[in-house]
Amino acid sequence: MTITMYGIPNCDTIKKAQKWLEAAGVDYQFHDYRKQGIDADLVAQFCQALGWENVLNKRGTTFRQLTPSQKESLDANNAVTLLVEQPAMIKRPILLVDTHYHLGFNAQQYAAIFS
């Protein structure tokens, strides 16, 4: 089983997910958007697997700082570009387990994935 967690290390949700995985003895790789970067192909994969509306974090500070016209014009075509430019707007964590993507952290969800 190959597991990659995508995110930024100072995110509280990432920390909770990492703690859960480590406590469960699950071996994983961490991909830090800020250090390792992120490209349009990877973001497009996230959006294709999970839906761009789900991948976009509308609760974060970065999204709230967008202009009203930027928010209104968001669609599947320009979401990938915006998320590559502003990776902090990608909902976290995104977990790739073999070929399946999972979004966010929930202990019950992780228990089901790794049972």
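Conventions adopted
Residues numbered from 1 in each chain as written. Predicted model: local features only at pLDDT ≥ 70, side-chain atom pairs only at ≥ 80, totals over all residues. Heavy atoms only, no water. Phe/Tyr/Trp six-rings, centres within 6.5 Å; stacked < 30°, edge-to-face > 60°. Helix = DSSP H or I, 4+ residues; strand = E, 2+ residues; numbered from the N terminus. Buried < 20%, exposed > 50% of the residue type's maximum accessible area, 1.4 Å probe, protein only. Axes fitted to C-alpha atoms, helices over the stretch in contact; angles between N-to-C directions. Parallel < 35°, antiparallel > 145°, perpendicular 65-115°, else oblique. Left-handed = near helix turned anticlockwise from the far one by under 90°. Contact = heavy atoms within 4.5 Å. Arc of directions from axis to C-beta. Pairing = 2+ DSSP bridges.

Asks: Teacher, can you tell me more about the packing of aromatic side chains here?
Replies: To describe a pair of aromatic rings, one takes the distance between the centres and the angle between the planes. Scanning the model with the defined rule gives 6 aromatic pairs in all. When the centroid spacing of 5.6 Å and the interplanar angle of 85° are considered together, the rings of Trp20 and Tyr110 count as edge-to-face. Note that Trp20 is positioned in helix α1 (residues 12-23) and Tyr110 in helix α8 (residues 107-113), a separation of 90 residues in sequence. With a centroid separation of 6.1 Å and 70° between ring planes, the pair formed by Tyr110 and Phe114 is classed as edge-to-face. Residues Tyr110 and Phe114 agree in their burial class; the two are buried.

Asks: Hey, could you run me through the packing of helix α3 (residues 40-50) against helix α7 (residues 76-85) in this one?
Replies: The geometry of a pair of packed helices is captured by two quantities: the angle between their axes and the separation between those axes. Contact geometry for α3 and α7: axes closest at 9 Å, N-to-C directions at 125°. Regarding the angle of α3 to α7, the classification is oblique. Of the two elements, α3 crosses α7, and the hand of that crossing is right-handed. Where α3 abuts α7, its residues Ala40, Val43, Ala44 and Cys47 lie against Val80, Leu83 and Val84.

Asks: Can you walk me through α3 in this structure?
Replies: Along α3, the residues classified as buried are Leu42, Val43, Phe46, Cys47 and Leu50. Viewed end-on, α3 has its buried residues packed into an arc of 135°, placing them on one side of the element. Of the exposed residues in α3, those oriented more than 90 degrees away from the buried face are Asp41 and Gln48. Where α3 is buried, its residues touch β1 (3-7), α2 (33-36), α4 (52-55), α7, β3 (94-97) and β4 (100-103). Immediately beyond the C-terminal end of α3, within one or two residues, lies Gly51, with a positive phi of roughly 90°.

Asks: Sorry, what's going on with the sheet that holds β1 here?
Replies: Sheet strands line up and pair through hydrogen bonds in the backbone, either parallel or antiparallel. Across the sheet, 4 strands lie side by side as β2-β1-β3-β4; this open sheet has mixed pairing. Of all strands in the sheet, those bounded by a partner on one side alone are β2 (29-32) and β4. Put simply, the sheet's adjacent strands are angled 20° from each other on average, direction ignored. Relative to the sheet, α1 contacts β1, β2 and β3, its axis offset from that of β1 by approximately 160°.

Asks: What is the right way to look at unusual backbone geometry in this model?
Replies: Backbone phi values are negative for most residues with the exception of glycine, while trans is the configuration of most peptide bonds. For the bond from Arg92 to Pro93, the omega torsion is -15°, close enough to zero to count as cis. Residues other than glycine seldom take positive phi values, yet Asp98 does so here, at roughly 55°. Here Asp98 is to be found in the loop between β3 and β4. Accessibility expressed as a relative area gives 42% for Asp98, which makes it partly exposed.

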